[in-house]
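Here is how the chains run, residue by residue.
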Amino acid sequence: MKIRRSLMILMASFFLAIAVPGYALKAAPVPMADGGLFDAQFYAQAYPDVVAVFGTDANWLYLHYVLAGKAEGRLPYAPGSAAVPAPASSGDFDAAYYAARYPDVAAAFGYDPVLLKMHYDLCGKAEGRFPNAAAEMGIASNGAGVPAAVTVNNTVEMQVLNLVNAERAKYGLAPLTWDAVNLAPGAAIRAQEIAVYFSHTRPDGTSCFTAIANPGMVGENIAAGQRSPEEVVNDWMNSPGHRANILNARFTRLGVGYFYNSQDLYRYYWVQMFSS
């Protein structure tokens, strides 16, 4: 939280202080955590006002660029930089998992994959946080930030997925696949929102499906108070409307959100987001 507040305060001071770069440096930019291209050496030389506050660390300079520099018209690398490499993948970092696993980080940094990855690089790794569910379980990853076999993963979200697929199997339905890009982040947001306003309408008055991109055919299940994945899936299966979503043959993907608040009456909040 302190880091986030400090960044916001510092960046506010930069809006009227944009240096004019001389473009002397033309080193090849490198792919950052999110695949964006950035030349820290160029950025540091071109914008000494940023360096005065953030130093010369490439991650911190890129964080400034993402949060403020881009909107201010600053450049991430010199025009005409040669040999620009192709963007790299984010490796084994799973932003959706990280936000759901560490709600304190999500509360401060939001759900932007760039910011979450930078938090992990700058703070989370040293704090012993895990970059993905596979790392937490000590099992092999498939290289995309998700476990190679979700059946051996015991995070609560994956347990819900496995239990739902077990129910679908009883009726000869195809299993749902985990959607880490769209549905899981949206469900994680919704799990926190229903702790404030328990409804399929979001606290801002919009539909719950505005939490996900390109919704298409979608469905949402919500629940509160159930203390385990088994309990919440059992309750959903005993409710006609929720059961219909779980057993809908047209749905193919699932994201699950879980939020816990020890100070709240219900404490446990659950969300399923389905799509075709």
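Before any of the text, the structure's been laid out above.
Residues numbered from 1 in each chain as written. Predicted model: local features only at pLDDT ≥ 70, side-chain atom pairs only at ≥ 80, totals over all residues. Heavy atoms only, no water.

1. What to know about the packing of helix α9 (residues 156–170) against helix α11 (residues 229–237)
Phase 1 of the analysis: It is the contact of α9 with α11, at a shortest axis distance of 9 Å, that shows an interaxial angle of 40°. By the angle class used here, α9 and α11 are oblique. Classified by chirality, the crossing of α11 by α9 is right-handed. Taking contact as the criterion, the partners of Val156, Gln159, Val160, Leu163, Val164 and Glu167 in α9 are, on α11, Pro229, Glu230, Val232, Val233, Trp236 and Met237. (Axes fitted to C-alpha atoms, helices over the stretch in contact; angles between N-to-C directions. Helix = DSSP H or I, 4+ residues; strand = E, 2+ residues; numbered from the N terminus. Parallel < 35°, antiparallel > 145°, perpendicular 65-115°, else oblique. Left-handed = near helix turned anticlockwise from the far one by under 90°. Contact = heavy atoms within 4.5 Å.)

2. Some words on the pattern of salt bridges
Phase 1 of the analysis: The final tally for this structure, using the stated rule, is 10 salt bridges.
Phase 2 of the analysis: Across the salt bridge formed by Glu167 and Lys170, the nearest N and O atoms sit 3.3 Å from each other. In this pair, Glu167 and Lys170 are both assigned in helix α9, 3 residues apart and thus about one turn of the helix distant.
Phase 3 of the analysis: Owing to a relative accessible area of 62%, Lys170 belongs among the exposed residues under this scheme.
Phase 4 of the analysis: The closest approach of N and O atoms between Glu193 and Arg190, which form a salt bridge, is 3.0 Å. Of the two residues, Glu193 and Arg190 both sit in helix α10 (residues 183–194), 3 residues apart, roughly one turn of that helix. There is no split in this pair, since Glu193 and Arg190 are both buried. (Salt bridge = Lys/Arg side-chain N within 4 Å of Asp/Glu carboxyl O. Buried < 20%, exposed > 50% of the residue type's maximum accessible area, 1.4 Å probe, protein only.)

3. Thoughts on the sheet that holds strand β6 (residues 268–275)
Phase 1 of the analysis: Strand order across the open sheet formed by 4 strands is β3-β5-β6-β4, with mixed pairing between neighbours. The open sheet has two free edges, formed respectively by β3 (177–178) and β4 (218–224), since each of these has just one partner strand.
Phase 2 of the analysis: Looking at chain direction, β4 and β6 are connected through 7 bridges and run antiparallel. Within β6, the position partnered with Ile222 by the bridge is Val271. (Pairing = 2+ DSSP bridges.)

4. What to know about α9
Phase 1 of the analysis: Between its first and last C-alpha atoms α9 spans 22 Å; for 15 residues at 1.5 Å apiece the expected length is 21 Å, and the two agree.
Phase 2 of the analysis: Every buried residue of α9 is listed here: Glu157, Met158, Val160, Leu161, Val164, Asn165, Glu167 and Arg168.
Phase 3 of the analysis: Positive backbone phi, at 70°, marks Gly172, one or two positions downstream of α9. (Expected span 1.5 Å × (residues − 1).)

5. Structural notes on the nonpolar core
Buried together is how nonpolar side chains tend to be arranged in soluble globular proteins.
Phase 1 of the analysis: In this structure, Phe38, Tyr43, Leu61, Tyr98 and Leu116 are the most contacted members of the largest nonpolar core, which totals 28 residues.
Phase 2 of the analysis: If you list the elements that add at least two residues to this core, you get α2 (40–46), α3 (48–54), α4 (58–72), α5 (95–101), α6 (103–109) and α7 (113–124).
Phase 3 of the analysis: Those residues in contact with Leu61 that lie beyond four places of it in its chain are Phe38, Ala40, Tyr43, Ala44, Val50, Val51, Phe54, Gly55 and Thr56.
Phase 4 of the analysis: By size, the runner-up hydrophobic cluster in this structure holds 19 residues, among which are Leu161, Leu176, Leu247 and Val256. (Core = buried A, V, L, I, M, F, W, Y, C linked by side-chain atoms within 4.5 Å.)

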